[in-house]
Amino acid sequence: MELRQLQYFVTVAQHGSFTRAAQLLHLSQPGVSSQIRQLERELGHPLFDRSGRTVRLTPVGEAVLPHARAALAAAAAARRTAQEFGGLRRGHVRLGMVAGAALTPPAELGTFPGLATTLAAFRQEHPGIDFSLTEDTTARMLDALRDGRLDLAVVGLPAPASGREGDDGWSALTGLALHTVLEVPLVAACASGHPLAAGTGPGSADSPGSGAGPGVPGADRSALPVAELAGHALVSTPRGTGLRTALECALAEAGVDPAVGVEAAAPPQLAELAAHGLGVAVLPDPGPLPGLRVRPLTGPVPRVRIALTWPTGQPASPPTAALVAHLRRAYPGPAAAQAPAPVQAPAGTAAPSAMCSSAAAPSSTSRSSGK
């Protein structure tokens, strides 16, 4: 079995055509067909059903495909590591991130640099290392990390997610290192004329002794039970995002079926849609915005975390290990003050830090994405 045969097999499977695969590989169609026939003879099973107008994978082909992709990814990683072994003079890191992942909290939580600033600082230290940046949902990025299509990702997760089987549906975290950057509660945000905009409980804008005055935009801070979201159209990120999963877990705990009527890619878009009366957005606190009323949620309080994650099943390439160490220094996480410790780069197989394997102390608010 040769790597080129696996490459031909994966290309044909991806495009469903020997002709198209041959064009992309700059080979003749008979040459591609011959190599795949040899692979099929070695495996003892046909990998493609050639009886129709399009080429389809057989059940054996479907089972073999992820292994072929993993072998090609491992070979590519081996080549990169060998090329980069002499130092960090050059290299490439494939970084994924949730939409709007600025990683910059508001001033009251203290300051640390945004992601672009942090990457620029790393590039100054290692000018030969390039990046490819991809925005996607957390679920798809976790798959890409496991398949070897990403080296590192900034993801959004429901706060309880730890990688244990059955933990909020995010068991795909098994085999991935997790470093929490932020953990924030989610709030309800709606237009000022919405039925849920005004609270009457202790701490509401109209209650005696509340710190919120009527002249402060969006100042109603009375807690809103999650159960009261029942029957109202919700605005959230798509399925497969950490924010949406955190919301659905809280709704399920409160015995409420989700009724998400509008989806958007990132929290700033959710806040804008809610301000225009399209529903109640559940998101990290967006801060004061014209026409928007924000209320904290309770019973339970849904929380979402922003985290760095990378595979642990194989040694990280030197550029990836260096970037992980750099990011962990720049973003020590919400528990850093409680458990100060020097950050070490993942020399080979990176393990999650102790501060990240359990829920971190919650922050009061954040404008980072929770996808």
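In this report, the structure presented in the accompanying data block is examined.

Rules of the game
Residues numbered from 1 in each chain as written. Predicted model: local features only at pLDDT ≥ 70, side-chain atom pairs only at ≥ 80, totals over all residues. Heavy atoms only, no water. Salt bridge = Lys/Arg side-chain N within 4 Å of Asp/Glu carboxyl O. Buried < 20%, exposed > 50% of the residue type's maximum accessible area, 1.4 Å probe, protein only. Axes fitted to C-alpha atoms, helices over the stretch in contact; angles between N-to-C directions. Helix = DSSP H or I, 4+ residues; strand = E, 2+ residues; numbered from the N terminus. Parallel < 35°, antiparallel > 145°, perpendicular 65-115°, else oblique. Contact = heavy atoms within 4.5 Å. Core = buried A, V, L, I, M, F, W, Y, C linked by side-chain atoms within 4.5 Å. Left-handed = near helix turned anticlockwise from the far one by under 90°. Nonpolar A, V, L, I, M, F, W, Y, C, P; charged D, E, K, R; others polar. Phe/Tyr/Trp six-rings, centres within 6.5 Å; stacked < 30°, edge-to-face > 60°. Expected span 1.5 Å × (residues − 1). Arc of directions from axis to C-beta. Pairing = 2+ DSSP bridges.

## Side note on the pattern of salt bridges
- Taken as a whole and assessed by the stated rule, the structure comprises 9 salt bridges.
- The shortest N-O distance in the salt bridge between Arg149 and Asp147 comes to 3.1 Å.
- Judged by relative accessible area, which is 47%, Arg149 ranks as partly exposed.
- Classification of Asp147 as partly exposed rests on a relative accessible area of 40%.
- Each of Arg239, Arg244, Glu248 and Glu263 takes part in one network of salt bridges that share partners.

## What to know about the packing of helix H1 (residues 3–15) against helix H3 (residues 29–43)
- For the pair H1 and H3, the least separation of the axes is 9 Å and the interaxial angle reads 105°. When the axes of H1 and H3 are compared, the pair comes out roughly perpendicular. Contacts from Arg4, Gln5, Leu6, Tyr8, Phe9 and Val12 of H1 reach H3 at Val32, Gln35, Ile36, Gln38, Leu39 and Glu42.

## A look at the nonpolar core
- Leu229, Leu251, Leu270, Val280, Leu283 and Leu297 are the most contacted members of the largest nonpolar core, which totals 31 residues.
- Counting residues per element, the ones that place at least two in this core are strand E6 (176–191), strand E8 (234–236), helix H7 (242–253), helix H8 (267–275), strand E10 (280–284) and strand E11 (292–298).
- Setting aside residues no more than four positions away along its own chain, Leu283 makes contact with Pro185, Leu186, Val187, Ala189, Leu243, Pro267, Leu270 and Ala271.
- In terms of nonpolar packing, the next biggest core, distinct from the first, is built from 21 residues, Met97, Ile129, Leu152 and Trp310 among them.

## Looking at the packing of helix H5 (residues 115–125) against helix H9 (residues 318–330)
- Running from amino to carboxyl end, H5 crosses H9 at an angle of 130°, the nearest separation of the two axes being 10 Å. With respect to H9, the element H5 is oriented oblique. In the crossing of H5 with H9, the sense of the turn from one axis to the other is right-handed. Listed contacts from H9 to Leu115, Thr118, Leu119, Ala121, Phe122 and Glu125 of H5 are Pro319, Ala322, Leu323, His326, Leu327 and Ala330.
- Its residues placed into classes, the contact of H5 with H9 shows 9 nonpolar, 2 polar and 1 charged.

## Quick notes on the packing of aromatic side chains
- The tally for this structure, following the rule as stated, stands at 3 aromatic pairs.
- Measuring from centroid to centroid gives 5.7 Å for Phe18 and Phe48, while their planes differ by 70°, and the two rings are edge-to-face. Placement of the pair is Phe18 in helix H2 (residues 18–25) and Phe48 in strand E1 (residues 48–49), with a sequence separation of 30 residues.
- Take Phe48: its relative accessible area is 3%, and that puts it in the buried class.
- Seen in terms of ring centroids, Phe122 and Phe131 are 6.0 Å apart; in terms of plane orientation they differ by 55°. Their pairing is tilted.
- A relative accessible area of 1% means that Phe122 is categorised as buried.
- Here Phe131 falls in the partly exposed class, since its relative accessible area comes to 22%.
- Through successive ring pairs, a cluster of aromatic residues spans Phe9, Phe18 and Phe48.

## What to know about H3
- With 15 residues, H3 should cover 21 Å at 1.5 Å per step; its first-to-last C-alpha distance of 21 Å lies within 8% of that length.
- When H3 is considered as a whole, its buried residues turn out to be Val32, Gln35, Ile36, Leu39 and Glu40. Buried residues of H3, viewed axially, fall in a sector of 145°; they line one side. Among the exposed residues of H3, those oriented more than 90 degrees off its buried face are Pro30 and Arg41.
- Taken together, the buried residues of H3 touch H1, H2 and E1.
- Directly beyond the C-terminal end of H3, a positive phi value near 80° is found at Gly44.

## A few points about unusual backbone geometry
- Residue Gly299 is joined to Pro300 through a cis peptide bond whose omega torsion reads 0°.
- Mapped onto the elements of the fold, Pro300 is located in the loop between E11 and strand E12 (303–311).
- Phi at His26 takes a positive value of approximately 60°, unusual for a residue other than glycine.
- Its location among the elements puts His26 in the loop between H2 and H3.

## Considerations on the pairing of strand E3 (residues 91–97)
- Counting buried positions along E3 yields 6 of 7 residues, so the element is predominantly enclosed.
- Pairing analysis gives 3 bridges linking E3 to strand E5 (residues 152–158), with the strands arranged parallel. Paired with Leu95 across the strands is Leu152, a residue of E5.

## Digging into the side chain of Arg244
- Tracing the backbone through its elements, the reader meets Arg244 in helix H7.
- Residue Arg244 is classed as buried on the basis of its relative accessible area of 5%.
- In this view, Arg244 contacts Ser236, Thr237, Pro238, Arg239, Val260 and Glu263; residues no more than four positions away in its chain are not counted.

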